[in-house]
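Each chain is listed here by its residues.
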Amino acid sequence: MTDLAVTAARLLAKNGEPVTLTNGESGVIEFDPITGDPITPASPVSVTANAYPSRYQANEIDGSSIQSGDIRLILEVVTPRPESGWSVTVDGQTYRIMDVQPIRRSGADKVLIGQLRRN
């Protein structure tokens with residue numbers, strides 16, 4: 001991690017809160033595109049990280065891409081990088097990641113900004 005990413009992680013550890021990110025859904029079966037055989041789904045991966053949840057401002061809520069009740073999550077850099085569709089537990093509530101935007105410098109992630117929506 002670079003100095004800026006380390007600083008962001010330190011600030012989020014001090015001022016944020018732990019969240020749990022999970023990819024994968026149990027019971028989802030994928031099929032091999034060549035043979036058509038079912039592929040055993042990979043086990044879900046869970047990552048705990050520090051983050052800072054906040055509400056969107058009223059002027060940012062457009063009712064379609066950002067809805068009332070959506071949460072902006074400032075997240076330290078984690079591996080693997082979360083993607084749309086992952087689940088996030090914040091304050092005991094489960095949300096779905098709608099979007100993740102990395103803040104990057106020199107080709108490396110420094111902090112992640114996620115949009116969460118209640119399941």
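Structure: see above.
Here's a quick rundown of the structure. (Residues numbered from 1 in each chain as written. Predicted model: local features only at pLDDT ≥ 70, side-chain atom pairs only at ≥ 80, totals over all residues. Heavy atoms only, no water.)

**Considering the overall build of the chain**
Helix and strand content of the chain: one helix and eight strands. Mapped in sequence order, the helices and strands of the chain form the string α-β-β-β-β-β-β-β-β. For the chain, buried positions account for 29% of its 119 residues. Carbon and sulfur atoms form 50% of the exposed surface of the chain, whose accessible area is close to 7,500 Å². (Helix = DSSP H or I, 4+ residues; strand = E, 2+ residues; numbered from the N terminus. Buried < 20%, exposed > 50% of the residue type's maximum accessible area, 1.4 Å probe, protein only. Areas by Shrake-Rupley, 256 points an atom, 1.4 Å probe, with all protein chains shown as cover.)

**Here we look at the environment of Lys14**
The topology assignment puts Lys14 in helix H1 (residues 3-15). Classification of Lys14 as exposed rests on a relative accessible area of 69%. Lys14 sits 37 residues away from Ala51 along the chain, and the two C-alpha atoms are 9.8 Å apart.

**So, the pattern of salt bridges**
One pass over the structure, following the stated rule, counts four salt bridges. Among the ionic pairs, Asp109 bridges to Arg81, the shortest N-O distance being 2.9 Å. With a gap of 28 residues between them, Asp109 in strand S8 (residues 108-118) and Arg81 in the loop between strand S5 (71-75) and strand S6 (87-90) connect regions that are remote in the sequence. Judged by relative accessible area, which is 17%, Asp109 ranks as buried. Here Arg104 makes a salt bridge to Asp109, at a shortest N to O gap of 2.5 Å. Relative accessible area serves as the criterion here: at 44%, Arg104 is assigned to the partly exposed category. (Salt bridge = Lys/Arg side-chain N within 4 Å of Asp/Glu carboxyl O.)

**A few points about the sheet that holds S8**
Pairing between the strands of a sheet comes from backbone hydrogen bonds, and it takes one of two forms, parallel or antiparallel. Spatially, six strands are ordered S1-S4-S5-S8-S7-S6 in a closed barrel, and the strand pairing comes out antiparallel. Each strand of the sheet is rotated relative to its neighbour by a mean of 45°, with strand direction disregarded. Of the pairings in the sheet, the one linking strand S1 (residues 17-23) to strand S4 (residues 45-55) comprises seven bridges and is antiparallel in character. Considered in S4, the bridge of Pro18 is made with Asn50. Set on the sheet, H1 makes contact with S1, S4, S5 and S8; between it and S8 the angle comes to about 40°. (Pairing = 2+ DSSP bridges. Axes fitted to C-alpha atoms, helices over the stretch in contact; angles between N-to-C directions. Contact = heavy atoms within 4.5 Å.)

**Some details on H1**
Taking 1.5 Å of rise per residue, the 13 residues of H1 would be expected to cover 18 Å, and the 18 Å separating its terminal C-alpha atoms lies within 8% of that figure. Contacts made by the buried residues of H1 are with S1, S4, S5 and S8. (Expected span 1.5 Å × (residues − 1).)

**Brief notes about the pairing of S4**
Relative to S5, S4 is paired through five bridges, and the arrangement is antiparallel. When the sheet's bridge partners are listed, Ser54 is paired in S5 with Arg72.

**Points about the pairing of strand S7 (residues 93-105)**
Taken together, the four bridges between S6 and S7 define a ladder with antiparallel strand orientation. Residue pairing in the sheet places Ser87 in a bridge with Arg96 of S7. Between S6 and S7, which pair antiparallel one after the other, the connecting turn spans two residues, and Asp91 there sits at a positive phi close to 50°. When S7 meets S8, the two strands line up antiparallel, connected through 10 bridges. Pairing of Asp99 across the sheet is with Gln115, part of S8. The antiparallel pairing of S7 with S8 creates a hairpin that spans two residues between the two strands, and Ser106 there sits at a positive phi of about 55°.

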